[in-house]
Amino acid sequence: MKAISNNPSADELDEVTIKFLSKIKVTDPDHDMMRIEHSKDPLLKDCYEWILQNSLLQEWRDSDSGSLLWINGDPGKGKTMLMIALARELSKNLPGNPPTVTFFFCQSTDNRLNNAVAILRGLIWKLAMNQPRLARSFRQKYESDQSLLDGPNAVFELFSALILMLNEQPGTTILIDALDECNAGQERSQLLDLITKDASSSTKSKWLLSSRNNSDIKQLLESKSHMLSLELNDKRIFQAVNAFIQQKTSELAAKKKYDKDLVHNVEKELMAKSDSTFLWVALACKNLLSVSKRNTLSALQKLPPGLEPLYQRMIEGILQLEDDEERQLCFQILRVMCQVFRPLSVEELIPTAELPGDDDLPELIENCSSFVIVRQGNIYFVHQSAKDYLT
């Protein structure tokens, strides 16, 4: 084995370190961010620019104190969209050459993305890939203790390794999105406890977390972080959602040939019912794609405000399918999706959901499209709230 270089000016990863990093890799956070963004509507500057001007965010970014900021909000309020925008903006605008930012996007439906050990491995891997000096530092620690990655003390060992790397790279910013989608329990509590202790005792790094308003997360973070509540910024979110509505209505108008009056009425109805929730707007507009131009406004008026009532309306749509077998097969797909521990490929879905074959599969999935989406041959929930509703 080659000797580990201790040259702090080395700016390239040697072959041995690259091979080592491939062993510790669980996922590539950059690719996860690209995939999540691809599955959603394109980021609109009008939808996230407000947070860059937010005084709490600016104070967190620029101050030497208060190194932990928690963004919290209800489902569908655009937290992940904001975190993607912030990961990009902070990478461009933080001091340093280049600025050091590492991030992780949790997803409860994927075992590579839904636990504390995976979060820490992802943060460390991205940091190591971007900073060869830190990669060699982590490799030295791993070679002295190979239980680091998956032993009983993995959360503590990995966090300790991460802190060593952060201490060597002052000013690093760490973003973790959707902490509520990290498996609840001891490991998540341990991770949050470690983060809050580091944030209170060190000013070398900046932590930015996002999650729903889960009571256990709130209990751990509320008194130990700056808290940026999306519900307390409802005017800004309202304006952001209205910008999103205008974009979605413009897309519908181009595809369905809406006239100006219909565009105006659709926008007005969406604004009245959305409750400042991006996801509600996205699902409602998706529903309108299959509605004739003549019936657009009446179909939209029948959609209830609120995510859970909207999901209930979508379930009723499946229940109203005329073919009994088709209806049953749709529920088999949704039932399996609630039970699996990772996204299934379309080919895997057929035997797992006991479907008769693939001839009718596109139509069956289309019938379930308010809840699931096919992306690069795999089937996913459109949003964590869809799975929450079904389960």
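Before reading on, note that the structure itself is shown above.
Within every chain, residues take consecutive numbers counted from 1 along the sequence as written. Restriction of local features to residues with pLDDT of at least 70 applies here, the model being predicted, together with a cutoff of 80 or more for giving and counting side-chain atom pairs; totals for whole chains, interfaces and linings are based on all residues. Side-chain figures throughout are based on the complete set of non-hydrogen atoms in the structure, without hydrogens or water.

Draft legend 1. Representation of the overall build of the protein chain in the model. Helix and strand assignments follow DSSP, with helices taken as H or I runs no shorter than four residues and strands as E runs no shorter than two, numbered in order from the N terminus. What the protein chain contains, in helices and strands, is 19 helices and eight strands. For 391 residues, the compact-globule estimate of 2.2 N^0.38 gives 21 Å, and the C-alpha radius of gyration of the protein chain, at 23 Å, lies within 12% of that figure. In the protein chain, which comprises 391 residues, the proportion classed as buried is 54%. In what follows, residue pairs with any heavy atoms lying within 4.5 Å of each other are defined as contacts. When contacts within the protein chain are restricted to residue pairs at least 6 apart in sequence, those whose partners lie at least 24 apart make up 75%. For the protein chain, the accessible area works out to roughly 18600 Å², and carbon and sulfur atoms hold 47% of it. Side-chain charges of the protein chain comprise 45 positive and 54 negative groups, with the mean position of each set lying 4 Å from the other. It is over C-alpha atoms that the radius of gyration is taken, and the globule rule equals 2.2 Å times the number of residues to the power 0.38. Burial here depends on accessible area, computed with a 1.4 Å probe over protein chains only, as a share of the maximum for the residue type. Under 20% is buried, over 50% is exposed, and the range in between is partly exposed. Computed by Shrake-Rupley with a 1.4 Å probe, the accessible areas treat only the displayed protein chains as cover when residues are assessed. Neither His nor the chain ends contribute to the count of charged residues, in which Lys and Arg are positive and Asp and Glu negative. By convention, the charge on Lys lies at NZ, on Arg at CZ, on Asp at CG and on Glu at CD.

Draft legend 2. How the structure looks around the sheet that holds strand E3 (residues 172–177). Pairing between two strands is assigned when DSSP locates at least 2 bridges connecting them. Taken in spatial order, the five strands make up an open sheet running E2-E3-E4-E1-E5, and their pairing is parallel. Looking at which strands have only one partner, the edges of the open sheet turn out to be strand E2 (101–105) and strand E5 (226–229). Averaged over all adjacent pairs, the angle separating strand axes in this sheet is 15°, with direction ignored. To obtain an axis, a line is fitted to C-alpha atoms, over the contacting stretch when the element is a helix, and the angle between two such axes runs from 0 to 180 degrees between their N-to-C directions. The sheet strands contacting helix H8 (residues 154–168) are E3 and strand E4 (205–211), and the helix crosses E4 at an angle near 135°.

Draft legend 3. Expanded view of the pattern of salt bridges. Any carboxyl oxygen of Asp or Glu that lies within 4 Å of a side-chain nitrogen of Lys or Arg is treated as forming a salt bridge with it. Counted under the stated rule, the structure contains 17 salt bridges. For Lys248, the salt bridge is made with Glu251, and the minimal N-O distance between the two is 3.3 Å. Taken together, the positions of Lys248 and Glu251, both in helix H11 (residues 234–256) and three residues apart, correspond to about one turn of that helix. A relative accessible area of 12% places Lys248 in the buried class. Residue Glu251 is classed as partly exposed on the basis of its relative accessible area, which comes to 25%. Through salt bridges that share partners, Asp41, Lys248 and Glu251 make up one connected network.

Draft legend 4. The nonpolar core, seen in detail. Buried Ala, Val, Leu, Ile, Met, Phe, Trp, Tyr and Cys residues that are joined via side-chain atoms within 4.5 Å together make up what is termed a nonpolar core. With 82 residues, the main nonpolar core has Leu86, Leu175, Leu208, Trp280, Leu349, Phe371 and Val372 as its most contacted residues. In this view, Leu86 contacts Ile51, Leu52, Leu57, Ile71, Ser91, Leu175 and Leu208; residues no more than four positions away in its chain are not counted. Residues Leu21, Val117, Ala128 and Leu179 belong to the second largest nonpolar core, which totals 48 residues.

Draft legend 5. Structural view of helix H16 (residues 324–339). Its 16 residues place the ends of H16 23 Å apart at the C-alpha level, agreeing with the 22 Å of an ideal helix rising 1.5 Å per residue. Here H16 has its buried residues at Glu326, Arg327, Leu329, Cys330, Gln332, Ile333, Leu334, Val336, Met337 and Cys338. Counted as a polar contact is a pair of N or O atoms within 3.5 Å, where, for protein atoms, one must be capable of donating a hydrogen and the other of accepting one, and residues adjacent in sequence contribute only when both atoms are in side chains. Where H16 begins, the capping side chain belongs to Asp323, and its oxygen is found 2.8 Å from the backbone nitrogen of Glu325. The length a helix should cover is 1.5 Å for every residue beyond the first.

Draft legend 6. Region of interest: the side chain of Glu269. Tracing the backbone through its elements, the reader meets Glu269 in helix H12 (residues 260–273). Under the relative-accessibility criterion, Glu269 is labelled buried at 18%. Among all residues touching Glu269, those that are not within four sequence positions of it are Leu300 and Gln301.

Draft legend 7. Examining the sheet that holds strand E7 (residues 372–375) more closely. Taken together, the three strands give an open sheet; going across it, the order is E6-E8-E7, and neighbouring strands pair in antiparallel fashion. Of all the strands in the sheet, the pair left with one neighbour each is strand E6 (344–345) and E7. Across the sheet, H16 touches E6, E7 and strand E8 (378–381), and the angle it forms with E8 is around 80°.

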